[in-house]
Amino acid sequence: MKREDISDEEAIEHFRKRFMRIPEEERKRLKVIVGKKVYSFDEILRHMKERSEIGKIEIEIEKEYMRWLSRRKR
Amino acid sequence: MARVVVQRPDWGDPACRWGSKWLEEVIREAKTHSFTVSDLYGNKASRRNVMKECRKGDFIYFSGVGHGNATTFTGQREEPIFWFGDQETKEISRNKHFNFLSCRFGKLGAKWMARRGRAVGVHAYDADFAFIVDEGDFPDSYARPFFDSHLMVDRELLAGSTHGEAHRACRRRYLYWIMRSPYICRRYLIWDMIHKRFYGRRWANIWSKRACIITTLTLKDEKERLRDFERFRDDVILRRSLGRYLMSIYHLLSIPLVIFATETEGGRRLLKKFIVKPFWKIITKVRKT
């Protein structure tokens, strides 16, 4: 799968499916630290949809994860 | 014994707080292998202190955490420590080893330190370093896979592995945790693993310096004498700025001379007679005084 092959929407949908499976308590409790930015795991989906600075990074992370999964399947 | 400098800024910033706590392991590891450790924790993680420690004659390895960007690695309260184009950074990099736990410094700064600064090896990340924490459980099990994987570089290098081996071990450790961690951690572990970078000489280890090819070529049967030359270079010449300057010129000149010696008959003998022997006389005279 090439870098351009995954759209932002696909990445968000891929994340959303897995995100819903995580217990709500855990989602609220855990924090993500990316450089100077600190945010709750629960906020990621909202940030992704808003395409904020955090959202853009998270989309990139999800795309990288999807690429890694597809490489592994092959 | 050789010196390891560990930079651990901590002023309440979450990333540095966690990073500093986990870097305690580098100190333990270095002490286990009998290194002298300069622990620059909290307010001590300033440019002045880092430079002071790195200028000491026995300094060989730097491992640090701090915020950063493509060109700058920072310390306590984001004070710039090393940066792209800085003369002092360049001077300190020469023949030394570095491991940076910092966002994006691997994009330009680390590469510059290895290529222009002539550091032997520089490990860094070329994107934001991401990890998960549970704030109620410090330093928690969620952060462990991230820091444990990163610290693999320090463990391997301090144990004597080459930079290539340390880099591979670090990526393998990330893979180990990727297979065993929940989805929450896995996506960030993959991100960090993909963006882990190494610049420098893969086959060199923490004890490696630039070899003198003339003496290695001419004195390959005289191991004791060769060791004396190396000791003289490290303990006398490289300790002075003029000596370091002369050594860089000597390194440049030595390449064509070695080519000449290997391609012509008796070339090796000539090199020994006109370069190695006069130097040997100087060394023995310096020793006597």
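Remember, predicted model here, so these are calculated numbers, not experimental data. (Residues numbered from 1 in each chain as written. Chains lettered and ligands numbered in written order. Predicted model: local features only at pLDDT ≥ 70, side-chain atom pairs only at ≥ 80, totals over all residues.)

## Some remarks on the overall build of chain B
Secondary structure assignment for chain B yields 13 helices and 9 strands. Each of the three principal axes of chain B carries a C-alpha extent, and together these read 70 × 35 × 35 Å. By residue count, 41% of the 289 residues in chain B fall in the buried class. Sequence-distant contacts, at least 24 apart, represent 69% of the contacts inside chain B between residues at least 6 apart. (Helix = DSSP H or I, 4+ residues; strand = E, 2+ residues; numbered from the N terminus. Buried ≥ 20, exposed ≤ 12 C-beta atoms within 10 Å, placed from the backbone. Contact = placed C-beta atoms within 7 Å.)

## Side note on the overall build of chain A
Per the secondary structure count, chain A includes 4 helices and 2 strands. Going from N to C terminus, chain A has its helices and strands arranged as α-α-β-β-α-α. Dimensions along the principal axes, computed over C-alpha positions, put chain A at roughly 35 × 25 × 20 Å. The buried share of chain A, taken over its 74 residues, is 23%. Of the contacts made within chain A by residues no fewer than 6 positions apart, 49% connect residues no fewer than 24 positions apart.

## Here's the deal with helix α3 (residues 47-54) of chain B
Residues and elements named next belong to chain B. Residues of α3 that are buried include every one of Val50, Glu53 and Cys54, and no others. Down the axis of α3, the buried set is contained in an arc of 95°. They therefore lie on one face. Among the structural elements, β1 (3-8), β2 (36-41), β3 (59-65), β5 (80-83) and α4 (87-93) are those in contact with the buried residues of α3. (Arc of directions from axis to C-beta.)

## Description of the interface of chain A and chain B
Every contact between the two is made by 18 residues of chain A and, on the other side, 20 residues of chain B. Those elements that place two or more of their residues in the side of chain A that touches chain B are β1 (30-34) and α4 (53-73) of chain A. When residues of the side of chain A that touches chain B are assigned to their parent elements, the largest contribution, 6 residues, is made by α4(A). Here 5 bridges tie β1(A) to strand β8 (residues 130-134) of chain B, and the two strands are oriented antiparallel to one another. Looking at β8(B), one finds that A:Leu30 is bridged to B:Asp134. (Pairing = 2+ DSSP bridges.)

## Notes on the nonpolar core
For soluble globular proteins, the rule of thumb is that nonpolar side chains tend to be buried together. Membership of the largest hydrophobic core comes to 71 residues, with the highest contact counts inside it found for B:Met113, B:Ala130, B:Phe131, B:Ile132, B:Tyr188 and B:Leu189. The element that contributes the greatest number of residues to this core is helix α9 (residues 183-194) of chain B, accounting for 6 residues. Listed in part, the 6 residues of the second largest apolar core include A:Ala11, A:Ile12, A:Ile44 and A:Ile59. (Core = buried A, V, L, I, M, F, W, Y, C linked by C-beta atoms within 7 Å.)

## Thoughts on the environment of A:Phe41
Secondary-structure assignment places A:Phe41 in the loop between β2 (37-40) and α3 (44-50). Note on A:Phe41: 17 C-beta atoms within 10 Å, which makes it partly exposed. As for A:Phe41 and A:Phe19, which are separated by 22 residues in sequence, their C-alpha atoms are 9.2 Å apart. Not counting chain neighbours up to four residues away, the residues in contact with A:Phe41 comprise A:Arg27, A:Leu30, A:Val32 and B:Ile184.

## A closer look at the sheet that holds strand β6 (residues 97-101) of chain B
Note on sheets: strands pair through backbone hydrogen bonds, and any given pair is parallel or antiparallel. Residue and element names in this part refer to chain B. With mixed pairing, 6 strands are arranged side by side in an open sheet as β2-β1-β3-β6-β7-β9. Across the chains shown, the open sheet's two edge strands, defined by having one partner strand only, are β2 and β9 (196-200). Across the sheet, the mean angle from the axis of one strand to that of its neighbour is 10°, orientation sign disregarded. The pairing of β1 with β2 spans 6 bridges and is parallel. (Axes fitted to C-alpha atoms, helices over the stretch in contact; angles between N-to-C directions.)

## What about the environment of B:Ile213?
Residue and element names in this part refer to chain B. Within the fold, Ile213 resides in helix α10 (residues 213-218). Counting along the chain gives 41 residues from Ile213 to Arg172, while the straight-line C-alpha distance between them is 35 Å. Once residues lying within four places of it in the same chain are set aside, the contact partners of Ile213 are Ser254 and Val258.

## Details of the sheet that holds β1(A)
Overall, antiparallel pairing links the 3 strands, which are arranged β2(A)-β1(A)-β8(B) in an open sheet. Both outer strands of the open sheet, β2 of chain A together with β8 of chain B, are each paired with one neighbouring strand and no more. Taken over all neighbouring pairs, the strand axes of this sheet differ in orientation by 25° on average, direction set aside. Where β1(A) and β2(A) come together, 4 bridges link them in antiparallel fashion. Residue A:Val34 lies in a different strand from β2(A), and its bridge partner there is A:Lys37.

Interpretation note: all reported values are geometric properties and have no functional meaning in isolation.
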